[in-house]
Amino acid sequence: GNAFLQGGPRRADPIVYENQPPETEFSKKGHRKLETKGALAAIANIIEDLKSELSGTKQAEEQAQLDYEKQLAAAQALQEEYTNRIVSLEQTIANRRSDLQDETDKKTNHEADGTSLNQTKADIKPGCDFFLKNQAERARKRGLEMDGLRQAKEYLVGYRPPAMLQRK
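The model shown is predicted, which means the values in this text are computed figures rather than measured ones.

In terms of regular secondary structure, the protein chain is built from three helices and zero strands. Each helix (α) and strand (β) of the protein chain, taken in turn from the N terminus, gives the series α-α-α. Counting every position in the protein chain, which comprises 168 residues, the buried fraction comes to 1%. A total of about 16700 Å² of accessible surface is found on the protein chain, and carbon and sulfur atoms cover 56% of it.

Another aspect to go through is the packing of aromatic side chains. Within the structure shown, the criterion is met by one aromatic pair. Ring geometry for Phe 130 and Phe 131: centres 5.7 Å apart, planes at 70°, overall edge-to-face. Overall, the relative accessible area of 46% leaves Phe 131 in the partly exposed class.

Tallied over the full model, the rule gives seven salt bridges. The partner of Glu 103 in a salt bridge is Lys 106, and the shortest N-O contact between them spans 3.7 Å. Of this pair, Glu 103 and Lys 106 both sit in helix H3 (residues 33–157), three residues apart, which is roughly one turn of the helix. Of the charged contacts, one joins Glu 111 and Lys 107 as a salt bridge, the two residues approaching to 4.0 Å between their closest N and O atoms. Within this pair, Glu 111 and its partner Lys 107 are both found in helix H3, separated by four residues, close to a single helical turn. Taking the relative accessible area as the measure of exposure, Lys 107 reaches 52% and is therefore exposed.

A few words on the confidence of the model for the protein chain. Of the residues in the protein chain, 76% have a pLDDT of 70 or more, and the chain-wide mean is 83. Across the protein chain, element-level confidence peaks in H3 with a mean pLDDT of 91 and bottoms out in helix H1 (residues 2–6) with 50.

The rules we used
Residues numbered from 1 in each chain as written. Predicted model: local features only at pLDDT ≥ 70, side-chain atom pairs only at ≥ 80, totals over all residues. Heavy atoms only, no water. Helix = DSSP H or I, 4+ residues; strand = E, 2+ residues; numbered from the N terminus. Buried < 20%, exposed > 50% of the residue type's maximum accessible area, 1.4 Å probe, protein only. Areas by Shrake-Rupley, 256 points an atom, 1.4 Å probe, with all protein chains shown as cover. Phe/Tyr/Trp six-rings, centres within 6.5 Å; stacked < 30°, edge-to-face > 60°. Salt bridge = Lys/Arg side-chain N within 4 Å of Asp/Glu carboxyl O. pLDDT = per-residue confidence, 0-100.

Structural data, given as C-alpha cells:
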C-alpha cells in the first residue's frame, strides 16, 4: 500500500539514498565561452549606443548653440532698433514740446498785443466819439469857411490897386 503513496519508484534502502552523492554532470571546457562573448557583445553594443547617443547629443547641442546665437543676434538687433526708435521718439517729443512752448509764447505775445490794442482803443475812443458826434457841425463850419475864402478870392481877383501906388 505504500507504493501508491510515494508516487514514484521505490528505493530499497532509504538510508543509502540519503548518503549517496547527487548525480552531477560537468560541463565541457569552454561551454560558457559563448555566454561571455554575448555579454561582451552586449556591453560593446551599449558602449556603441552611448557613443552614438553622445555624438547625436553633441550635434544637437551644437545646433542649439547656433540657434541660440542666431536668436541672440536677432534680439540684440531688435533691441538696438527699439533703442534707436526710443531716441527718435524722445527727440520728436522734445521738438514738439519746444514747438508748443513757442506757440504758447506767441499766444502770450498776441494776447499782450490785444490788450495793448484794447487799451489804445479805449484811450482814443473819447476823441473819436467827439469827432463822430460833431462831424456834421464841423462840415457845416468848413462849408462856411470855404464860402468865405471863395468870396475873398473873388474880391481879390477884381481888385485894382490905387493909382498912387503904381510905379512908372
